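One letter stands for each residue in the lines below.
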Amino acid sequence: MTSLPDRKNAAISRGVGMTTQIYAERAENAEIWDKEGNRYIDFASGIAVVNTGHRHPKVIAAVKAQLDRFTHTCHQVVPYENYVHLAERLNALAPGKFAKKTIFVTTGAEAVENAVKIARAATGRQAIVAFGGGFHGRTFMGMALTGKVVPYKVGFGAMPGDVFHAPFPIELHGVTVEQSLAALKKLFAADVDPARVAAIILEPVQGEGGFYPAPTAFMRALREICDQHGILLIADEVQTGFARTGKLFAMEHHDVAADLMTMAKSLAGGFPLAAVTGRAEIMDAPGPGGLGGTYGGNPIGIAAAHAVLDVIEEEKLCERANQLGNRLKQRLAAIREKAPEIADIRGPGFMNAVEFNDATTNLPSAEFANKVRLIALDKGLILLTCGVHGNVIRFLAPITIQDGVFAEALDILEASILKARG
Ligand SMILES: Cc1ncc(COP(=O)(O)O)c(C=O)c1O
C-alpha cells in the first residue's frame, strides 16, 4: 500500500510546505497522537492558534451548541447576535480609549488586506510602510508587506505597488531604534512623501521573522511619527494576540494604541476566524458592501471565540503565560551554560524564542536550530523554527499546558540541544 507521505506528495502541491510527517489522529490540550499511536507534546499550537489548548472543553461545548442551532447564514444576509456581541467584546478589549468598531473575516492575511483597504479608504492615501523581516500573510498585499523574499515572494510576479520597507530594530543584529527611525526618515525623504502614506504596519513582536519584540521607545516614536504626518498605525496582532505575550494584546506592553489592529489565530481556538478592530470613524470609511465576505464571522468561529475570551479570563491565562515563559527562559539560561551555540533567549510572556549561532564562527546557524528541532521531534516534542536566518526556535505551546507535560517538554528540549552539539 502507498504510504501517506507518498500519497500526500502525489496529491498535494509541494507549495504547501510541511515541517513534520506526523499525521494527526487526536489532540488534547498540549498533546497530539498520530495514526500509529505515538504521542507528541505540541510546542507549535498549529502556529499559535490553540493558546487555549487543543479542544478546550469550553470551546468544544460552545461549538457543539452552535452546531445544533445553525452553522451558516452569512452575516451580510441573515445576521446573528453573537457576531454583534463578539464585536462589542473586542471593541472593549482592544487597547485605546476611543470608540471602536470591528469586522470579521476568516484568515490573518484577509484581516491584513482589509486593514489596508480601510486605511486607504479613511485617509484617501495609497502608500503603506512595513518592516524588514515582518510577515503579514500569503495574499498579494500580505506578500508585498512581508519583509522576506524566500519562500514567500519567489515566482509570484509583481507585488502591489506603493509598499515600502524600513529596517526593524534588532540590536542583536546591529540595528538600533535610532538607526531604524533614521532609515524611516530617509525613506520619507528619498522614496515616499509621508503625506502619501496611509499606514505604517508592524507586528508588536515579529513572529515568522524571528520573535523580535519591538522596543517600547520604537513603538512610541512610530505613534508620534504617525500623528505628525496623519498616518494610521496598524498593529498586526495575528500571532501576538490572546494572552500569548502575557497581555491580551501585545500593544498593551507599550501603552500605545494603534488605529487599527488585526487578529486571527488564537482568537477562535482552532476555528477559522479573524478580525479587524479600530477607531470607529476609520472603520466606517469604506462604503456598505466594500467589506465582508461569504464566510467572514462564521457562526462556529464566533461561538468558539466567545469561549476563548471566557477561558483566557477565567483561567488567568495572561498570568499563566508569564509564569510559563519565566520557567522556560530560566531553563534555557541554565542550558546556555553548557551550550555556547545559544546566542539569545527572549520574548515577552510565553512568546519566547532561542537563537542559535555557530559556536566557532558566531554566525547564525540554521543548521543547529534544525538539528535541535529534528532531535526533539524524534523524542516526541514538536518545535517550530523561524527567523530571517532560520536560526531561531520559537515556543508556542498552549498556555493551558499542564505543569507535568511542560516539565517533560523542558527535559526533552535540554536533551535535544545538548545532543545537537554532538
Ligand atoms: C503576524 C501575522 N500576520 C498575518 C499572518 C497570516 O495569517 P494567516 O496564515 O491566517 O493568513 C500571520 C500568519 O502566520 C502572522 O503571523
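Residues numbered from 1 in each chain as written. Predicted model: local features only at pLDDT ≥ 70, side-chain atom pairs only at ≥ 80, totals over all residues. Heavy atoms only, no water.

## Here's the deal with the side chain of N391
Piece 1. Position of N391 among the secondary structure elements: in the loop between β16 (384–386) and β17 (392–395).
Piece 2. With near-sequence residues (within four places) excluded, N391 lies in contact with V354, E355, F356, N357, P364, S365, A366, A369 and C386. (Helix = DSSP H or I, 4+ residues; strand = E, 2+ residues; numbered from the N terminus. Contact = heavy atoms within 4.5 Å.)

## What to know about the domain arrangement of the protein
Piece 1. Examined at the domain level, the protein breaks down into domain 1 (4–55 + 316–420) and domain 2 (60–314).
Piece 2. Computed from C-alpha atoms alone, the centre-to-centre distance between domain 1 and domain 2 is 25 Å.
Piece 3. Contact residues are listed per partner, giving 34 residues for domain 1 and 34 residues for domain 2.
Piece 4. Here domain 1 packs against domain 2, burying approximately 2,600 Å² in sum over the two surfaces, 60% of which is carbon and sulfur.
Piece 5. The interface formed by domain 1 and domain 2 contains one salt bridge.
Piece 6. For E208, the salt bridge goes to R394, with nearest N and O atoms at 2.9 Å.
Piece 7. Put simply, domain 1 and domain 2 have 25 residue pairs in polar contact (both at pLDDT 80 or more) between them.
Piece 8. With four residues, helix α11 (residues 317–336) is the largest single contributor of residues to the side of domain 1 that touches domain 2.
Piece 9. Residues belonging to the side of domain 1 that touches domain 2 are distributed by class as follows: 20 nonpolar, eight polar and six charged. (Domains from an automatic or database assignment. Buried area = accessible area lost by both parts, 1.4 Å probe. Salt bridge = Lys/Arg side-chain N within 4 Å of Asp/Glu carboxyl O. Polar contact = N/O pair within 3.5 Å; in protein donor to acceptor, adjacent residues only side chain to side chain. Nonpolar A, V, L, I, M, F, W, Y, C, P; charged D, E, K, R; others polar.)

## Topic: the sheet that holds strand β7 (residues 197–202)
Strand-to-strand pairing in sheets goes through backbone hydrogen bonds, with the strands running parallel or antiparallel.
Piece 1. In space, the seven strands of this open sheet follow the order β4-β12-β11-β10-β7-β5-β6, with mixed pairing throughout. Where the open sheet ends on each side, the last strands, each with one partner, are β4 (100–105) and β6 (163–166). Each strand axis lies, on average, 20 degrees off the axis of its neighbour in the sheet, ignoring direction.
Piece 2. Pairing geometry for β7 and strand β10 (residues 232–236), over four bridges, is parallel. By the bridge assignment for β10, I200 is matched with L233.
Piece 3. Sheet contacts for helix α4 (residues 81–93): β4, β11 (260–263) and β12 (274–279); angle to β4, the most-contacted strand, approximately 130 degrees. (Pairing = 2+ DSSP bridges. Axes fitted to C-alpha atoms, helices over the stretch in contact; angles between N-to-C directions.)

## With respect to the pairing of β10
Piece 1. Most of β10 sits inside the fold, with five of its five residues counted as buried.
Piece 2. Here β10 shows two buried faces, one formed by L232, I234 and D236 and the other by L233 and A235.
Piece 3. Sheet topology places β10 next to β11; three bridges connect them, and they run parallel. When the bridges of β11 are listed, D236 appears paired with T262. (Buried < 20%, exposed > 50% of the residue type's maximum accessible area, 1.4 Å probe, protein only.)

## Here's the deal with the site of the ligand
Piece 1. Near the ligand, the surroundings consist of T107, G108, A109, F135, H136, G137, E203, E208, D236, V238, Q239 and K265.
Piece 2. At 2.8 Å from an oxygen atom of the ligand is found a side-chain nitrogen or oxygen belonging to Q239.
Piece 3. Taken by itself the ligand offers 390 Å² of open surface, and the protein chains cover 84% of this.
Piece 4. Class assignment for the residues of the shell around the ligand results in three nonpolar, five polar and four charged. (Near = heavy atom within 4 Å. Areas by Shrake-Rupley, 256 points an atom, 1.4 Å probe, with all protein chains shown as cover.)

## Comments concerning helix α7 (residues 177–190)
Piece 1. With 14 residues, α7 ought to run about 20 Å at 1.5 Å a step, and its terminal C-alpha atoms sit 20 Å apart, in line with that.
Piece 2. Every buried residue of α7 is listed here: V177, S180, L184, L187 and F188. Seen end-on, α7 carries its buried residues on one side only, within an arc spanning 95 degrees. Structural note: α7 exposes E178, K185, K186, A189 and A190 on the side pointing more than 90 degrees away from its buried face.
Piece 3. Where α7 is buried, its residues contact β5 (127–131), β6, β7 and α8 (216–229). (Expected span 1.5 Å × (residues − 1). Arc of directions from axis to C-beta.)

## Digging into the packing of α4 against helix α10 (residues 299–314)
A pair of packed helices is characterised by two quantities: the angle between their axes and the separation of those axes.
Piece 1. Contact pair α4 / α10: the axes reach a minimum separation of 10 Å and the direction vectors enclose 40 degrees. Comparing their axes, α10 and α4 come out oblique. Crossing of α4 against α10: the hand is left-handed. Between α4, through N82, Y83, H85, L86, R89, L90 and L93, and α10, the contact on the second element is made entirely by P299, I302, A303, A305, H306, L309 and D310.
Piece 2. In terms of residue class, the contact of α4 with α10 is made up of nine nonpolar, three polar and two charged. (Parallel < 35°, antiparallel > 145°, perpendicular 65-115°, else oblique. Left-handed = near helix turned anticlockwise from the far one by under 90°.)

## Observations concerning the nonpolar core
Piece 1. Core analysis: the largest hydrophobic core is formed by 107 residues, its most contacted members being F43 and I417.
Piece 2. Broken down by element, the residue count for this core peaks at nine residues, all from α10.
Piece 3. Two domains each donate at least three residues to this core, and these are domain 1 (4–55 + 316–420) and domain 2 (60–314).
Piece 4. The contacts of F43, once residues within four sequence positions are left out, are L381, I382, L383, R394, F395, L396, A397, I401, F406 and A409.
Piece 5. Core analysis: the second largest hydrophobic core is formed by 27 residues, I103, I128, V163 and A199 among them. (Core = buried A, V, L, I, M, F, W, Y, C linked by side-chain atoms within 4.5 Å.)

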